[in-house]
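Given next are the chains, with one letter for each unit.
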Amino acid sequence: MESVGASPNELGIDEDFAVGGSAASFEEGDCWWEVPADVPEGTAITCGTIDVPADHDDPDSETISLAVARIHREGAPADAPPLLYLHGGPGGDVLGTAPEGLLANDALDDRDLITFDQRGSSRSTPSLNCPEKEVAVLDALGAAKPWAEELTANQAAVTACY
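The text that follows walks through the structure, step by step, so that each part is easy to find. Keep in mind the model is a prediction, meaning the values are calculated, not measured.

Focus: the overall build of the protein chain
Each helix and strand in the protein chain was counted, giving two helices and six strands. The helix and strand sequence of the protein chain, counted from the amino end, reads β-β-β-β-β-β-α-α. Buried residues in the protein chain amount to 35% of all 162 residues. Here the contacts in the protein chain between residues at least 6 apart in sequence split such that 63% fall between residues at least 24 apart. Summed over all atoms, the accessible surface of the protein chain reaches about 9500 Å², with 52% contributed by carbon and sulfur.

This is the structure:
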């Protein structure tokens with residue numbers, strides 16, 4: 001993953017995270033988008049993934065891979081608890097594009113900011129994105145069809161995805 005500025009290890013950042021009672025490692029890799037040219041000086045964006053159990057109650061279950069970005073500003077204490085930024089809606093994403101709006105956050109003076117695409121969304125895998133369902137919903141909003149016809153179209157769209 002691409003890191004702008006110093007690497008997490010150079011900044012004293014521990015890359016192991018506790019997930020479901022066990023340690024999960026952050027795998028650094030390239031960012032999914034071009035890093036913005038106007039990243040403030042002394043600010044590092046590190047992208048990567050962390051694999052977590054698909055079933056929280058079964059640490060031996062299949063894993064899913066969460067896309068993660070960590071923003072660190074030089075001078076912020078590496079041992080300060082990070083600020084976690086979450087997307088608010090179901091199925092939305094944070095990392096579909098570069099998190100430019102988060103780069104100027106004053107909280108970065110005191111702590112890192114970590115954000116990730118939640119299970120099933122955007123850059124995390126497996127993806128639960130269903131473009132066919134989105135088209136069916138937009139079609140239903142754009143035309144007044146009988147409810148049974150809209151339901152059938154939505155069921156067919158979901159079946160096409162999964």
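Notes on the pattern of salt bridges
Going through the model one piece at a time under the given rule, you end up with two salt bridges. The residue R73 makes a salt bridge to D109 at a minimum N-O spacing of 2.7 Å. One end of the pair, R73, is in strand β4 (residues 63–73); the other, D109, is in the loop between β5 (83–85) and β6 (113–116), and 36 residues separate them in sequence.

What to know about the environment of L83
Along the polypeptide, L83 turns up in strand β5. Residue L83 is classed as partly exposed on the basis of its relative accessible area, which comes to 33%. Other than its neighbours up to four places away in sequence, L83 contacts N105, A107, R111, D112, L113 and I114.

Description of the nonpolar core
C31, W33, V35, I45, C47, I71 and L95 are the most contacted members of the largest nonpolar core, which totals 16 residues. Every element with two or more residues in this core is listed here: β3 (43–53) and β4. No other element matches β4, which puts three residues into this core. Counting nine residues, the second largest nonpolar core, distinct from the first, contains V52, I64, L66 and I114.

Overview of the state of the cysteines
Per the counting criterion, the structure on display carries one disulfide. Covalently, C31 is tied to C47 through a disulfide, its sulfur atoms 2.0 Å apart. Residues C31 and C47 are joined through a disulfide that is right-handed, its torsion about the S-S bond being 90°. Note that C31 is positioned in the loop between β2 (22–29) and β3 and C47 in strand β3, a separation of 16 residues in sequence. Among the residues examined, C31 registers a relative accessible area of 10% and is labelled buried.

Points about the pairing of β4
The side chains of a regular strand alternate between both faces of the sheet. Counting buried residues along β4, ten of its eleven residues qualify, which places the element largely inside the surrounding structure. When β3 meets β4, the two strands line up antiparallel, connected through eleven bridges. Note that in β4 the partner of D51 across the bridge is S65. Strand direction decides the pairing type here: β4 and β6, joined by four bridges, are antiparallel.

Some words on the side chain of D117
Structurally, D117 is set in the loop between β6 and α1 (131–142). With a relative accessible area of 0%, D117 lands in the buried category. Leaving out residues up to four positions away in the same chain, D117 has contacts with L66, A67, D93, V94, L95, G96, S122, R123 and S124.

Section: a negative patch on the surface
On the surface, D55, D57, D58 and D60 cluster together into a negatively charged patch. Classification of D57 as exposed rests on a relative accessible area of 74%.

Some words on a nonpolar patch on the surface
A cluster of nonpolar side chains, namely L128, V158 and Y162, defines an oily patch on the protein surface of about 310 Å² accessible area. According to the relative accessible area criterion, V158 is partly exposed, its value standing at 35%.

Rules of the game
Residues numbered from 1 in each chain as written. Predicted model: local features only at pLDDT ≥ 70, side-chain atom pairs only at ≥ 80, totals over all residues. Heavy atoms only, no water. Helix = DSSP H or I, 4+ residues; strand = E, 2+ residues; numbered from the N terminus. Buried < 20%, exposed > 50% of the residue type's maximum accessible area, 1.4 Å probe, protein only. Contact = heavy atoms within 4.5 Å. Areas by Shrake-Rupley, 256 points an atom, 1.4 Å probe, with all protein chains shown as cover. Salt bridge = Lys/Arg side-chain N within 4 Å of Asp/Glu carboxyl O. Core = buried A, V, L, I, M, F, W, Y, C linked by side-chain atoms within 4.5 Å. Disulfide = S-S within 2.5 Å. Pairing = 2+ DSSP bridges. Patch = residues over 30% accessible without salt bridge, like charges linked within 9 Å, V, L, I, M, F, W, Y side chains within 5 Å. Lys, Arg positive; Asp, Glu negative; His and termini not counted. Charge placed at Lys NZ, Arg CZ, Asp CG, Glu CD.

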